[in-house]
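Each chain, letter by letter, is given below.
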Amino acid sequence: MKLPSSSATDLNKKNMRHMITMNDFTRKEIDDMLELMALLKEARKDNAIPQLFKNKSVAMIFEAGSTRTRVSFETAATLLGGHALFLSPRDIHLGAKESIDDTARVLSRMCDIIMARTNSGETTKALTKMSTVPVINGLDCVYHPTQMLADIFTMKEHMPEGKELSDLTVAFMGDATDVCRSLLLTCTKYGMKFKQIGPKKYHMQEEWLKLADKNCAETGASYEITEDVSKVSECNVIYGDSFYWTTQLDEKEERLAAFMPDYVITKELLDKAAPGAILMHCLPANDKEEVTREALDGDRSVAFDQAENRLTAQMAILVYFTHKYNVKPSEETIKYHEDRINNFLERL
């Protein structure tokens with residue numbers, strides 16, 4: 001007897017969205033996610049989180065390791081009444097013994113949402129081609145949307161009195177990383193002023209600036225790519241990230257020589273920023289390289305509030321991208337199946 005698929009893949013896929021970059025979403029859509037974050041954060045404070053992911057599962061694909069992305073998604077699923085599966089390259093055959101397409105098709109039949117932290121934007125795109133459940137980009141060396149949701153929320157929490165997001169000027173100290181690209185596009189979408197401050201060799205590439213230009217034309221935002229460290233005096237947010245990543249270890253010494261000491265975030269540099277400026281950092285932080293411990297632990301730093309808001313963001317993401325596909329059975333339907341199964345078991 002062949003029954004139709006009972007998986008999440010066949011529930012209700014109309015207008016299904018993936019989350020690859022925040023730039024794919026309107027301001028209204030992002031604002032809705034931020035409002036949902038606020039509601040869930042308040043509920044967590046009162047230990048009263050609604051079970052909005054109950055009986056659901058998130059498949060978490062990790063080609064690269066992460067503290068915050070793994071712990072936040074796994075904890076978020078648990079707090080919301082659901083389940084998270086950690087899938088490393090040792091656990092699944094992604095792109096090796098099994099094609100990415102087939103992996104996406106199988107996971108779609110068993111899970112309600114897929115989160116992927118990959119080493120390539122092409123892998124993330126390939127997952128979306130065949131997945132029939134939402135795919136969330138947990139970082140793919142091109143974009144980092146889940147980080148951005150936490151970052152914008154953190155900025156809202158710590159904005160100077162009477163300010164709007166569009167009033168802020170954000171400085172990213174360092175290389176044109178996936179975080180820097182994502183921050184450029186997210187800040188310009190919100191009408192902010194954005195500055196990348198670092199050596200010319202590591203400035204933002206033209207293709208990303210063209211995307212930012214479109215945002216600026218719509219929102220009145222602006223950006224500046226500069227080597228001039230004194231520009232921090234105009235900035236309300238000073239944002240740090242590593243000067244090299246695990247795939248750039250062969251460039252480590254060259255990069256550190258280019259960035260240090262001029263672009264290291266120190267207490268002295270923060271003192272030159274706009275009054276009330278805050279320090280943000282996506283973590284992990286390399287002590288005394290891109291940021292000093294004194295600055296990271298100082299009263300201007302909100303880096304650990306920012307890290308906690310990764311959990312707030314992941315709770316909102318799991319709910320936002322699955323709530324439309326919830327199918328709530330009636331009490332009669334539950335009893336019908338319970339009786340049938342119990343009757344069968346009694347005959348065994």
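Under an unreviewed UniProt entry, the name given to the chain is Ornithine carbamoyltransferase, and the organism recorded is Paramaledivibacter caminithermalis. Per UniProt, the comment on the chain under Sequence similarities (unreviewed entry) is "Belongs to the aspartate/ornithine carbamoyltransferase superfamily."

Peer 1: Could you clarify how one ought to interpret the overall build of the chain in this entry?
Peer 2: Looking only at helices and strands, the chain features twelve helices and nine strands. A globule of 348 residues ought to have a C-alpha radius of gyration of about 20 Å, and the chain, at 22 Å, matches this closely. By principal-axis analysis of the C-alpha atoms, the chain measures approximately 80 × 45 × 40 Å. Counting over 348 residues, the chain shows a buried share of 51%. For the chain, long-range pairs separated by at least 24 residues make up 76% of all intrachain contacts whose partners lie at least 6 apart in sequence. Looking at the chain as shown, the accessible area adds up to about 17,300 Å², and 50% of this sits on carbon and sulfur atoms.

Peer 1: I would appreciate a short explanation of the pairing of strand β8 (residues 237–240) in the present structure.
Peer 2: A regular strand places its side chains so that they alternate between the two faces of the sheet. Side-chain alternation along β8 places Val237 and Tyr239 on one buried face and Ile238 and Gly240 on a second face that is also buried. Sheet topology note: the β8/strand β9 (residues 278–281) ladder contains four bridges and is parallel. In the sheet register, Tyr239 faces β9, and the bridge partner there is Met280.

Peer 1: What is the right way to read the UniProt feature "domain: Aspartate/ornithine carbamoyltransferase Asp/Orn-binding" (unreviewed entry) in the chain from this model?
Peer 2: Sites flagged by UniProt as "domain: Aspartate/ornithine carbamoyltransferase Asp/Orn-binding" (unreviewed entry) map to residues 167–320. In residues 167–320, the share of helix is 40% and the share of strand is 15%. The end C-alpha atoms are 28 Å apart.

Peer 1: Looking at this model, I keep getting lost on the domain arrangement of the chain. Mind explaining?
Peer 2: Put simply, an interface is often sized by how much accessible area is lost when its parts join up. Each assigned domain of the chain is listed with its residue range as follows: domain 1 (7–144 + 309–325) and domain 2 (145–306). If you average the C-alpha positions of domain 1 and of domain 2, the two centres end up 26 Å apart. Contacts between domain 1 and domain 2 engage 30 residues on the former and 28 residues on the latter. Of the roughly 2,500 Å² buried where domain 1 meets domain 2, counting both sides, 62% is carbon and sulfur surface. It is Asn23, His144 and Asn309 that lose the most area in domain 1 upon contact with domain 2, and together they represent 27% of the buried surface on that side. Where domain 1 touches domain 2, the interface holds one salt bridge. Glu157 is the partner of Lys41 in a salt bridge, and the nearest nitrogen-oxygen pair spans 2.9 Å. At the junction of domain 1 with domain 2, the criterion picks out 18 residue pairs in polar contact (both at pLDDT 80 or more). Secondary-structure elements contributing two or more residues to the side of domain 1 that touches domain 2 are α1 (27–45), α2 (68–79), β4 (135–137) and α11 (303–320).

Peer 1: Before we go on, may I ask you to explain the sheet that holds β4 in this structure?
Peer 2: The strands making up a sheet are joined through hydrogen bonds of the backbone, oriented either antiparallel or parallel. Sheet architecture is open: four strands sit in the order β2-β1-β3-β4, paired in parallel fashion. Two strands lie at the open edges of the sheet, namely β2 (83–87) and β4, each paired on one side alone. Within the sheet, the average angular offset between the axes of one strand and its neighbour, ignoring direction, is 20°. The sheet contact formed by strand β1 (residues 57–62) and β2 spans five bridges and is parallel. Residue pairing across strands places Met60 opposite Phe86, the latter belonging to β2.

Peer 1: Is there a simple way to think about the pattern of salt bridges in this case?
Peer 2: If the charged atoms of two oppositely charged side chains come close together, the side chains can form a pair. Considering all chains together, one arrives at 20 salt bridges under this definition. The salt bridge involving Asp112 is made with Lys56; its shortest N-O contact spans 4.0 Å. Highlighted residues: Asp112 in the loop between α3 (100–110) and β3 (113–117) and Lys56 in the loop between α1 and β1, separated in sequence by 56 residues. With relative accessibility at 16%, the residue Asp112 sits in the buried group. The salt bridge involving Lys231 is made with Glu224; its shortest N-O contact spans 3.4 Å. One network of salt bridges, with partners in common, ties together Lys195, Glu224, Lys231 and Glu234.

Peer 1: Help me understand the packing of aromatic side chains, please; the structure alone is not making it clear to me.
Peer 2: Tallied over the entire structure, the rule returns eight aromatic pairs. The interplanar angle of 80° and the centroid separation of 6.0 Å between the aromatic rings of Phe25 and Phe321 together place this pair among those described as edge-to-face. In this pair, Phe25 sits in the segment before α1 while Phe321 sits in the loop between α11 and α12 (331–347), placing the two residues 296 residues apart along the sequence. Phe321 shares its class with Phe25; the two are buried. Within the aromatic cluster, the residues linked to one another by ring pairs are Tyr202, Phe243, Phe259 and Tyr263.

Peer 1: Could you clarify how one ought to interpret the packing of α2 against α11 in this entry?
Peer 2: Contact geometry for α2 and α11: axes closest at 8 Å, N-to-C directions at 50°. As far as their axial angle goes, α11 and α2 are oblique. By crossing handedness, the relation of α2 to α11 is classed as right-handed. Every residue of α11 that contacts α2 at Arg68, Thr69, Ser72, Phe73, Thr75, Ala76, Ala77 and Leu79 is listed here: Ala307, Arg310, Leu311, Gln314, Met315, Ile317 and Leu318. Across the contact of α2 with α11, the residue classes tally to nine nonpolar, four polar and two charged.

Rules behind the numbers
Residues numbered from 1 in each chain as written. Predicted model: local features only at pLDDT ≥ 70, side-chain atom pairs only at ≥ 80, totals over all residues. Heavy atoms only, no water. UniProt positions renumbered as here; feature names shortened; annotations may be inferred. Helix = DSSP H or I, 4+ residues; strand = E, 2+ residues; numbered from the N terminus. Rg over C-alpha atoms; globule rule 2.2 N^0.38 Å. Buried < 20%, exposed > 50% of the residue type's maximum accessible area, 1.4 Å probe, protein only. Contact = heavy atoms within 4.5 Å. Areas by Shrake-Rupley, 256 points an atom, 1.4 Å probe, with all protein chains shown as cover. Pairing = 2+ DSSP bridges. Domains from an automatic or database assignment. Buried area = accessible area lost by both parts, 1.4 Å probe. Salt bridge = Lys/Arg side-chain N within 4 Å of Asp/Glu carboxyl O. Polar contact = N/O pair within 3.5 Å; in protein donor to acceptor, adjacent residues only side chain to side chain. Axes fitted to C-alpha atoms, helices over the stretch in contact; angles between N-to-C directions. Phe/Tyr/Trp six-rings, centres within 6.5 Å; stacked < 30°, edge-to-face > 60°. Parallel < 35°, antiparallel > 145°, perpendicular 65-115°, else oblique. Left-handed = near helix turned anticlockwise from the far one by under 90°. Nonpolar A, V, L, I, M, F, W, Y, C, P; charged D, E, K, R; others polar.

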